[in-house]
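# Architecture and fold: a report
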Amino acid sequence: MTADAEIVAGLRDAGLVGEGDVVLEPLTGGVSCDVWKVETPTGPIVVKRPLEQLRVAAEWHAPVERGQSEVRWLRRARGVDARIAPEVLAELPVGHAFAMRFVPGCPVWKDELIAGRVDVDFAGAVGRSIAAVHAATANSAADRDAFPTDAMFRALRVDPFLLFVAQKDAELAPAIYALADDLTSRKVALVHGDVSPKNILVSAEGPVFLDAECAVYGDPAFDLAFCTTHLLLKAVWLDDERLGQSAAALVEAYRAGIDWEEPAGLLLRAGKLTAALLLARVEGKSPAPYLTDPDHRRIVRDQARALLRAPTPLDALVSHWQRTLP
Ligand SMILES: Nc1ncnc2c1ncn2[C@@H]1O[C@H](COP(=O)(O)OP(=O)(O)O)[C@@H](O)[C@H]1O
Ligand SMILES: [Mg+2]
């Protein structure tokens, strides 16, 4: 059986499609998975199957078990608020593939931002939603036990984004290594691990989060930092003030939802992580593909390096962020 035929057989066994022809229509965007849309008698669904080898320039392997982490995160997030994640319909017995409900008529947030449709309130809703998942799972032994995925998080996040950069930068290495140690040792709440505008759908009811393959029980500051980093990079790329305002709205709404620890501590950790992630997006293994202009790269690199030398809470970092050369 071909891989596609195995997927179709899995969908039949799960009762999602009948005996007739089944068309797997590839959806664009994925670098780490095959993602298809499939019409079924009960409406369109999405089937996702993790790849062994990610489609990025650098050699980058990742265990396919990450498909299972994603399913667990989607289910847990829906338990917190059913509007913020697609419903998982079945896990298929093919390389940790799974089927979920297709969320119709919702653009990807990244495409909206690039098209100049910047809704600052939506960024706030993103912050509120991630904080809600963190608050619901904070200090929970059950959630911690359900996500024993530290090795995956290390391989997909800590190594490529933090350690790879530290190895190339002797001056900043001690700060980045310390940050990586702190990140991996902190067990606070359920982290999504890839909160990027390309993994968020814009629905009428607010954000819908996809792509939770890196989910781990860890430091919630990571999700906040990861998403803020994307907005700050895009603010430089597009030189759009509203993207800086979106980052501020994200952080402010998130902060209002922190009820499991002192916000000041979390915002300082998130500020340090954001500095490191910004640097990783110009120096790391997974550079932001749109930051090709040397001036843009310099704006990001100089600020990120200064912030790693002088750690700054995330709210202050965002309000001082410069989109252009001084
Ligand atoms: N449940 C869904 N409803 C609608 N579109 C989806 C759904 N799941 C994925 N997509 C679309 O497919 C794209 C890739 O999905 P994603 O889970 O992010 O995979 P990858 O890990 O390959 O990035 C998304 O950006 C989105 O456009
Ligand atoms: Mg994705």
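Residues numbered from 1 in each chain as written. Chains lettered and ligands numbered in written order. Predicted model: local features only at pLDDT ≥ 70, side-chain atom pairs only at ≥ 80, totals over all residues. Heavy atoms only, no water.

### What about the nonpolar core?
The line we're drawing: Residue types Ala, Val, Leu, Ile, Met, Phe, Trp, Tyr and Cys, when buried and joined through side-chain atoms within 4.5 Å, form a set referred to as a nonpolar core. Summary of the burial criterion: residues with accessible area below 20% of their type's maximum are buried, those above 50% are exposed, and those between are partly exposed, where the area comes from a 1.4 Å probe applied to protein chains only. By definition in these notes, contact holds between two residues if any of their heavy atoms fall within 4.5 Å.
Counting 89 residues, the largest nonpolar core has W73, W109, V126 and L224 as its most contacted members. If we skip the residues at most four places from it in the chain, W109 touches F122, A123, V126, P197, I200, V202, C227 and L231. Among the nonpolar cores identified, the runner-up in size contains 15 residues, and V17, V38, V47 and A99 belong to it.

### Some words on empty space enclosed by the protein
To keep things clear, this is the line we draw: Using a 1 Å grid laid over the protein atoms alone, points where a 1.4 Å probe fits but cannot get out form a cavity; open sets with protein on both sides within 12 Å along at least 5 of 7 lines form a pocket; any residue with an atom within 4 Å of a point counts as lining. Grid points are joined across faces, edges and corners, and a volume is the space filled by probe spheres set on the points. A run of H or I in DSSP counts as a helix once it spans at least four residues, and a run of E counts as a strand once it spans at least two, with each numbered from the N terminus. Gly counts as polar in this scheme, as do all residues outside two lists: the nonpolar Ala, Val, Leu, Ile, Met, Phe, Trp, Tyr, Cys and Pro, and the charged Asp, Glu, Lys and Arg.
Across all of its chains, the model carries one cavity of 30 Å³ or more by this definition. Size it by volume and the largest cavity reaches roughly 70 Å³. Every residue along the wall of the largest cavity is listed here: D150, F153, R154, L183, T184, R186, K187, V216, Y217, G218 and D219. Elements represented by at least two residues in the lining of the largest cavity include exactly α6 (150-168), α7 (173-185) and β9 (216-218). In the lining of the largest cavity, the residues fall into four nonpolar, two polar and five charged.

### Thoughts on the pairing of strand β7 (residues 200-203)
Sheet faces and side chains relate simply in a regular strand, where the side chains alternate between the two faces. Rule in force here: A pair of strands is considered paired only if DSSP assigns at least 2 bridges between the two.
As defined by bridge partners, β7 adjoins strand β8 (residues 206-209) across four bridges and the pair is classed as antiparallel. Counterpart to S203 in the pairing with β8 is G206. From the end of β7 to the start of β8, which pair antiparallel, there are two residues.

### Let's talk about the coordination of the magnesium ion (ligand 2)
In plain terms, the rule: Donor atoms: N, O and S within 2.8 Å of the metal, or within 3.2 Å for Na, K and Ca. Because water is excluded, sites can look incomplete.
Coordination of the magnesium ion (ligand 2) by the protein involves N199 (OD1) and D211 (OD), with metal-donor separations of 2.1 Å. Of this pair, N199 sits in the loop between β6 (189-191) and β7 while D211 sits in the loop between β8 and β9; the two residues are 12 residues apart in sequence, bridging distant segments of the chain. The pair formed by N199 and D211 is uniform in burial state, with each residue classed as buried.

### Concerning unusual backbone geometry
Positioned with a positive phi, H96 is a non-glycine residue whose angle comes to about 60°. Note on placement: H96 falls in the loop between β4 (88-91) and β5 (98-101). The class of H96 is partly exposed, set by a relative accessible area of 28%.

### Digging into helix α4 (residues 120-137)
Put simply, the rule is: In this analysis, the expected span of each helix is defined as 1.5 Å times one less than the number of residues it contains. Any pair of nitrogen or oxygen atoms within 3.5 Å is treated as a polar contact; in protein, a donor-acceptor pairing is required on top of that, and neighbouring residues in sequence qualify only through side-chain atoms on both sides.
Along its 18 residues, α4 runs 27 Å from first to last C-alpha, staying within 8% of the 26 Å computed at 1.5 Å per residue. All of the buried residues in α4 are F122, A123, G124, A125, V126, G127, S129, I130, A131, V133, H134 and T137. Two to three positions downstream of the cap, the backbone nitrogen of D121 sits 3.0 Å from a side-chain oxygen, assigning the N-cap of α4 to D119. The positive-phi residue at the C-terminal boundary of α4 is N139, with phi of around 55°.

### Considerations on the environment of K187
Looking at the element boundaries, K187 is found in the loop between α7 and β6. A residue is classified by how much of its surface remains accessible, and K187, at 23% relative accessible area, is partly exposed. Those residues within four positions of K187 in sequence are excluded, and the remaining contacts are R144, D150, Y217 and G218. At 2.4 Å, the side chain of K187 and the side chain of D150 are in polar contact.

### What to know about the domain arrangement of the protein chain
Rules: Where each domain starts and ends follows an automatic or database-derived domain assignment. Every case where a carboxyl oxygen of Asp or Glu lies within 4 Å of a side-chain nitrogen of Lys or Arg is listed as a salt bridge.
Partitioning the protein chain into structural domains gives domain 1 (3-101) and domain 2 (109-320). The C-alpha centroid of domain 2 is placed 25 Å from the C-alpha centroid of domain 1. On the domain 2 side, the residues contacting the 23 residues of domain 1 number 28 residues. For the pair domain 1 and domain 2, the number of links is four salt bridges. The partner of D211 in a salt bridge is K48, with the nearest N and O atoms 2.7 Å apart. Here domain 1 and domain 2 share seven residue pairs in polar contact (both at pLDDT 80 or more) between them. The residue makeup of the side of domain 1 that touches domain 2, split by class, is 13 nonpolar, two polar and eight charged.

### Points about the packing of aromatic side chains
Short version of the rule: Paired rings are identified among Phe, Tyr and Trp, the last through its six-membered ring, by centres lying within 6.5 Å, and are further divided according to the angle between planes into stacked (under 30 degrees), edge-to-face (over 60) and tilted (the rest). A ring is scored as having a charge over it whenever the NZ atom of a lysine or the CZ atom of an arginine sits within 6 Å of its centre and within 35 degrees of its normal.
Counted by the stated rule, this structure contains seven aromatic pairs. Ring geometry for Y254 versus W260: centroids 6.2 Å apart, planes at 85°, classification edge-to-face. The pair Y254 / W260 is uniform in exposure class, with both members buried. In textbook terms, an aromatic cluster arises when at least three aromatic residues are bridged by ring pairs, as seen for F153, F161, F222 and F226. Residue placement shows K37 over the ring face of F102; its charged tip is 4.2 Å from the ring centre.

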